[in-house]
Amino acid sequence: MGAQEEDTKSSKSSAIGGVIPMAKVATLVEKAKFYTSLCLGTTAILAVFAFLFLIPFVVEPAISTILADFSPHAVACITTEHVYAEGLKNCSWASCREGCTSAALRCHQIKVNYTRLPYEEFMKKPIGSIPWDVGDTKFFVNTEGCGYPPRVNCSDFAKKYGYRNIGKIFPCYYSRTHPETVVARYSWDENLKHLVLALVVPIVLFAVSLGVLCYWYCPPVRKTCGGPSRNLIDKYDRKEDILGEDEFEEDEEEY
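From a predicted model like this one, the values you see are computed outputs, not experimental measurements.

## With respect to the sheet that holds strand E7 (residues 181–183)
Phase 1: Read around the closed barrel, five strands run E1-E3-E4-E7-E6, paired in mixed fashion. On average, each strand axis in the sheet is tilted by 55 degrees relative to the strand beside it, whichever way the strands run.
Phase 2: When strand E4 (residues 134–140) meets E7, the two strands line up parallel, connected through three bridges. Its bridge partner lying in E7, Phe 140 is registered against Val 183.
Phase 3: The strands touched by helix H4 (residues 154–161) within the sheet are strand E1 (75–86), strand E3 (106–118), E4 and strand E6 (169–174), with E3 carrying the most contacts at an inclination of about 50 degrees.

## Details of the side chain of Asn 191
Phase 1: By the element assignment, Asn 191 lies in helix H5 (residues 188–217).
Phase 2: The exposure class assigned to Asn 191 is buried, which follows from its relative accessible area of 11%.
Phase 3: Not counting residues up to four positions away in its chain, the partners in contact with Asn 191 are Ala 62, Thr 65 and Ile 66.

## Quick word on the confidence of the model for the protein chain
Phase 1: Of the residues in the protein chain, 78% reach a pLDDT of 70 or more, and the chain-wide mean stands at 82.
Phase 2: Looking across the protein chain, the model is least confident in helix H7 (residues 232–235), with a mean pLDDT of 47, and most confident in E6, with 95.
Phase 3: Across residues 12–17 the pLDDT falls below 50, and counting only partners more than four positions away or on other chains, this stretch makes one contact in the model.
Phase 4: Across residues 229–233, confidence stays below pLDDT 50; counting only partners more than four residues off in sequence or on other chains, it has three contacts.

## Points about the state of the cysteines
Phase 1: Considering all chains together, one arrives at four disulfides under this definition.
Phase 2: Here Cys 91 connects covalently by a disulfide to Cys 107, the sulfurs 2.3 Å from one another. For the disulfide bridge between Cys 91 and Cys 107, the dihedral angle about the S-S bond is near -90 degrees, and by the sign convention the bridge is left-handed. Residue Cys 91 is found in the loop between E1 and strand E2 (97–98), and its partner Cys 107 is found in strand E3; the two are separated by 16 residues along the sequence. Both residues of the pair, Cys 91 and Cys 107, belong to the buried class.
Phase 3: With its disulfide-bonded cysteines labelled consecutively along the sequence, the protein chain is connected as 1-8, 2-5, 3-7, 4-6.
Phase 4: Cys 218 forms no disulfide, and the closest cysteine sulfur to it belongs to Cys 214, at a distance of 4.5 Å.

## Points about a nonpolar patch on the surface
Phase 1: A surface patch of nonpolar side chains, about 640 Å² in accessible area, is lined by Trp 188, Leu 192, Val 196, Leu 199, Val 200, Ile 203, Val 204 and Val 208.
Phase 2: Taking the relative accessible area as the measure of exposure, Val 204 reaches 42% and is therefore partly exposed.

## Considerations on the packing of aromatic side chains
Phase 1: Applying the stated criterion to the full structure yields 13 aromatic pairs.
Phase 2: Note on Trp 93 and Phe 140: the rings are 6.0 Å apart at their centroids and 70 degrees apart in plane angle, and the pair reads as edge-to-face. Here Phe 140 lies in strand E4 and Trp 93 lies in the loop between E1 and E2, a separation of 47 residues in the sequence.
Phase 3: Residue classification places Trp 93 among the buried residues on the basis of a relative accessible area of 15%.
Phase 4: Aromatic ring contacts, followed pair by pair, group Phe 139, Phe 157, Tyr 161 and Phe 170 into a single cluster.
Phase 5: A cation over a ring is seen here: Lys 33 above Tyr 217, with NZ or CZ 5.2 Å from the ring centre.

## Points about the pairing of E6
Phase 1: Among the six residues that make up E6, five are buried, leaving the element largely enclosed by the rest of the structure.
Phase 2: Pairing analysis gives four bridges linking E1 to E6, with the strands arranged antiparallel. For Val 75, the partnering residue across the bridge sits in E6 and is Cys 172.
Phase 3: Linking E6 back to E7 in an antiparallel pair, the connection comprises six residues.

## A short note on H5
Phase 1: When the terminal C-alpha atoms of H5 are compared, their 44 Å separation across 30 residues agrees well with the 44 Å that a helix rising 1.5 Å per residue should span.
Phase 2: Contacts made by the buried residues of H5 are with helix H2 (22–68).

## So, the environment of Gly 167
Phase 1: Mapped onto the fold, Gly 167 is located in the loop between H4 and E6.
Phase 2: Along the chain, Gly 167 and Ile 78 lie 89 residues apart, while their C-alpha atoms are 5.6 Å from each other.

Reading guide: rules and limits
- Sequence order as written defines residue numbering, which begins from 1 separately in each chain.
- Since the coordinates come from a predicted model, pLDDT governs what is reported: local features require at least 70, and pairs of side-chain atoms require 80 or more to be given and counted, while whole-chain, interface and lining totals use all residues.
- Neither water nor hydrogens contribute to the side-chain values; these are computed over all heavy atoms in the structure.
- Pairing between strands requires that DSSP locate at least two bridges from one strand to the other.
- For the purposes of this entry, the term helix denotes a DSSP run of H or I that reaches at least four residues, the term strand denotes a run of E that reaches at least two, and both are numbered from the N terminus.
- Helix axes use the C-alpha atoms of the stretch in contact, all axes being lines fitted to C-alpha atoms, and the angles between their N-to-C directions lie in the range 0 to 180 degrees.
- Contact definition: two residues touch when any of their heavy atoms are within 4.5 Å.
- Per-residue accessibility, obtained with a 1.4 Å probe over protein chains only, is compared with the maximum for each type, and a residue is labelled buried under 20%, exposed over 50%, and partly exposed between these values.
- Note: pLDDT gives the predictor's confidence per residue, expressed from 0 to 100.
- When the sulfur atoms of two cysteines come within 2.5 Å, that pair is taken as a disulfide.
- Each patch is assembled from residues with relative accessible area greater than 30% and no salt bridge, linking like charges that lie within 9 Å and nonpolar side chains (Val, Leu, Ile, Met, Phe, Trp, Tyr) that lie within 5 Å.
- For the area figures, the Shrake-Rupley method with a 1.4 Å probe applies, and any residue is considered shielded solely by the protein chains shown.
- We define a salt bridge as a contact between a side-chain nitrogen of Lys or Arg and a carboxyl oxygen of Asp or Glu at a distance within 4 Å.
- Each Phe, Tyr or Trp ring (for Trp, its six-membered ring) is paired with any other whose centre lies within 6.5 Å, and the angle between the two planes then decides the class: stacked below 30 degrees, edge-to-face above 60, tilted in between.
- Whether a charge sits over a ring depends on NZ of Lys or CZ of Arg being within 6 Å of the ring centre and within 35 degrees of the ring normal.
- Under the convention used throughout, the expected extent of a helix is 1.5 Å for every residue step, that is, one less than its residue count.

Shown next, in the form of structure tokens:
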């Protein structure tokens with residue numbers, strides 16, 4: 001009786017002291033592993049959908065911008081024409097569109113002249129002394145010609161480069177691959193940053209999530225990664241064991 005009382009007292013004292021039984025710890029670890037696996041699986045699925053979503057909206061425009069080979073420095077432009085049109089028939093092209101997936105029902109069509117001379121050098125020389133290299137070419141808000149508010153606001157764009165500002169000289173960027181394409185905003189660093197992020201982030205999230213799940217639930221992967229596996233020595237029977245089995249069989253036959 002005294003020993004039982006001491007055992008009960010020790011168990012109570014251990015429980016009071018905050019010592020968690022090993023079975024409970026194992027249960028908590030399994031629960032944590034389950035919820036972590038659930039989060040990793042969700043992350044992998046979302047990474048795939050994010051990558052598919054970013055291809056038409058970020059990756060493809062960024063690659064097209066790189067292939068267009070815009071001038072790294074701003075050149076001088078001057079607005080020559082501004083037309084505001086309505087209807088699909090009249091809006092065959094638009095200098096600015098708020099939304100890149102739908103056709104424009106209302107559009108601003110702006111045309112400019114530009115020179116390949118850098119903007120700073122052009123402004124230092126007398127106006128009219130340098131001829132324009134390309135005339136009456138289409139002018140776009142950015143390399144895609146479209147965007148979403150608040151980054152792209154077509155009304156503000158038209159007020160800045162059209163209407164009363166016709167004939168005003170401003171900096172712009174032209175494509176060396178397609179000289180008839182001129183844009184108001186361009187940044188090589190920003191374009192490259194968006195491309196790298198759109199490619200690296202979803203791929204890394206998918207690879208890490210899938211790698212952890214495979215390591216946990218695929219035994220071949222755990223073996224190749226140095227996880228617990230069967231020893232090569234234990235894979236084959238030892239000579240002593242084989243001889244012992246043969247002697248045991250001979251003894252049985254004698255009996």
